[in-house]
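Below are the chains, spelled out letter by letter.
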Amino acid sequence: MCIRDSTNTGATGSASASLTAVLPPQISKRFAPNPIVAGGTSTVTLTIVNPNPDDELTGVAFTDNFPAAMVVADPTGAATSGCGTPTFTTVSGTGTITFSDGTIAAAGNCTVKVNITAATTGKHVNVTGHVSADTAGEGNTASDTLTVTDVHPGISILKQVSTDSQEPWTSFGSVPEGGDIYYQFTVENTGDVALTTVNVTDPTLVPTSPNAVTGCSWASMPLYDLQTCTFGPVTAASGWYSNTATASGIYNNTTYTDTSTASYATADLTLVKSVAESAYTGIGDVLHYTFVVTNTGSAPLAAPVTIDDDQSSDENCPAVSTVGDNDNWFDPGESITCSASYTVVAGDVGAGNEVTNIASATVDGVSSNTDTETVPWTAADYGDLPDTYNN
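Here's what I pulled together on the structure shown here. (Residues numbered from 1 in each chain as written. Predicted model: local features only at pLDDT ≥ 70, side-chain atom pairs only at ≥ 80, totals over all residues. Heavy atoms only, no water.)

This part covers the packing of aromatic side chains. This model, assessed by the stated rule, comprises four aromatic pairs. Ring plane angle 20 degrees and centroid distance 5.4 Å describe the contact between Phe-62 and Phe-99, whose orientation is recorded as stacked. With Phe-62 in strand β6 (residues 57-65) and Phe-99 in strand β10 (residues 96-104), the pair connects residues that are 37 residues apart, well separated along the chain. In this pair, the class of Phe-62 matches that of Phe-99, namely buried. Geometrically, the ring pair formed by Phe-88 and Phe-99 is edge-to-face, given 6.2 Å between the ring centres and 65 degrees between the ring planes. Here the residue Phe-88 occupies a position in strand β9 (residues 87-89), and Phe-99 occupies one in strand β10, the gap between them amounting to eleven residues. Clustering of aromatic rings is evident, with ring pairs tying together Phe-62, Phe-88 and Phe-99. (Phe/Tyr/Trp six-rings, centres within 6.5 Å; stacked < 30°, edge-to-face > 60°. Helix = DSSP H or I, 4+ residues; strand = E, 2+ residues; numbered from the N terminus. Buried < 20%, exposed > 50% of the residue type's maximum accessible area, 1.4 Å probe, protein only.)

Below you can see the structure in the form of structure tokens.
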């Protein structure tokens, strides 16, 4: 409190004095973030308020003894604002902070911050000692509860293939034998703690131990981090090939892993073309063609099957769902029979003339071999004609 007096100068021999009471500081605290995982870091913020509108507070001080599981983190992150030039003692790994010699302006706030960590899960109640100031004396205490949860390290990987080093990437791809195949690996930290020594291994692509895929390793991976790397090209061998990659990362000397598999198969089509007629004799004759298309590769191909014939205009193939296992995929080993026709025109008729056409099949972007049929012109045989035809 403060006392103000006045000297007696009047004839009555009286004087006056005033008494001002100075209120002590008030303190509050808050942990953020809250909750944290075991071993994580939170910042405790302590706010000290000077409730006096006209008087500053000096010698502001408090001590905060943390519960047993809680210590000052490294780095401490210690900082003050609006507190004058106080002495603020924080030592990493210790369970106590002390604050003294602070000054807070009239109606002002003083903010004190420090990083803390806790290795034990549970709810940790932290109560400060009383805050105090010169003259004003002792104020209140501050309390907050920090919740510490178990850690859940996690990692995921998605392996995909493409016939190009760019998009699209899928879990399965079809490719001609001898074509290029590329692999993409997408690795994500799906846990709630950072991982170290993250890498991708694939014994099929990299058969030499430790099977690490070049360009797919990271010294650390923060929370929610996602990384992508590619490998290739690899020359596609005939057949169906699946291989599995493993992503791994370390937390607290324990390795966490995940796997993903991608596949490719070589695609091939065979076309056999035939024609019903062995010859034609005149304009308007119709030649009827048959095309047997077979999936001779190892990859299922998405419908439809189409025929491209350089002479016909009515090529037709039935739905893929009518053959094999009756789905919309033209599976390895399945065959389908298509048809087309051609009507003989004037230019096709005459000695030495013939109709030759070339066809190929296409399914899901995969083309077959070409096949050719030739049908010759033959003069009509009218048998024994009446004598009048010879005159």
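Taken as a whole and judged by the stated rule, the model has three salt bridges. Asp-202 serves as the salt-bridge partner of Lys-159, at 2.5 Å between the closest nitrogen and oxygen. Taken together, the positions of Lys-159 in strand β16 (residues 155-162) and Asp-202 in the loop between β19 (195-201) and β20 (212-221) put the pair 43 residues apart, joining distant regions of the chain. Here Lys-159 and Asp-202 have matching classes, each one buried. (Salt bridge = Lys/Arg side-chain N within 4 Å of Asp/Glu carboxyl O.)

Summed over the entire model, instances satisfying the criterion amount to three disulfides. A disulfide bridge connects Cys-83 with Cys-110, and the sulfur atoms are separated by 1.9 Å. For the disulfide bridge between Cys-83 and Cys-110, the dihedral angle about the S-S bond is near 95 degrees, and by the sign convention the bridge is right-handed. Linking Cys-83 in the loop between β8 (79-81) and β9 with Cys-110 in strand β11 (residues 109-118), this pair joins segments that are 27 residues apart in sequence. Take Cys-83: its relative accessible area is 1%, and that puts it in the buried class. By relative accessible area, Cys-110 is classed as buried at 1%. Here Cys-317 pairs with Cys-338 through a disulfide, and the sulfurs are 2.1 Å apart. Judged by the sign of its S-S torsion, about 110 degrees, the cystine formed by Cys-317 and Cys-338 is right-handed. In this pair, Cys-317 is assigned in the loop between β27 (305-309) and β28 (329-330) and Cys-338 in strand β29 (residues 335-343), connecting sequence segments 21 residues apart. (Disulfide = S-S within 2.5 Å.)

Turning our eyes to something else, we now look at the sheet that holds strand β22 (residues 240-251). Read across the open sheet, the five strands follow the order β17-β23-β22-β19-β20; overall the sheet is mixed. Every other strand in the sheet has two partners, leaving β17 (172-175) and β20 as the edge strands with one partner each. Strand after strand, the sheet turns through a mean of 20 degrees between neighbouring axes, direction not considered. Here β19 runs beside β20; their pairing, made up of five bridges, is antiparallel. Opposite Thr-201, over in β20, you have Ala-212 as the bridge partner. (Pairing = 2+ DSSP bridges. Axes fitted to C-alpha atoms, helices over the stretch in contact; angles between N-to-C directions.)

Along β11, seven of the ten residues are buried, which leaves the element largely enclosed by surrounding structure. Bridging between strand β5 (residues 41-49) and β11 involves nine bridges; their strand directions are antiparallel. Bridge pairing in β11 places Thr-45 opposite Lys-113. Bridge analysis of strand β7 (residues 70-72) against β11 gives three bridges, and the strand direction is antiparallel. When the sheet's bridge partners are listed, Met-70 is paired in β11 with Ala-118. Pairing between β8 and β11: three bridges, direction antiparallel. Along β11, the bridge assignment pairs Ser-81 with Thr-111.

Our next topic: the sheet that holds strand β25 (residues 286-295). Strands pair in a sheet through their backbones, by hydrogen bonds, and they do so in one of two ways: parallel or antiparallel. An order of β24-β25-β29 is seen for the three strands of this open sheet, with the pairing classed as antiparallel. Two strands lie at the open edges of the sheet, namely β24 (269-275) and β29, each paired on one side alone. Strand after strand, the sheet turns through a mean of 20 degrees between neighbouring axes, direction not considered. Looking at chain direction, β24 and β25 are connected through seven bridges and run antiparallel. Residue pairing in the sheet places Lys-273 in a bridge with Phe-291 of β25.

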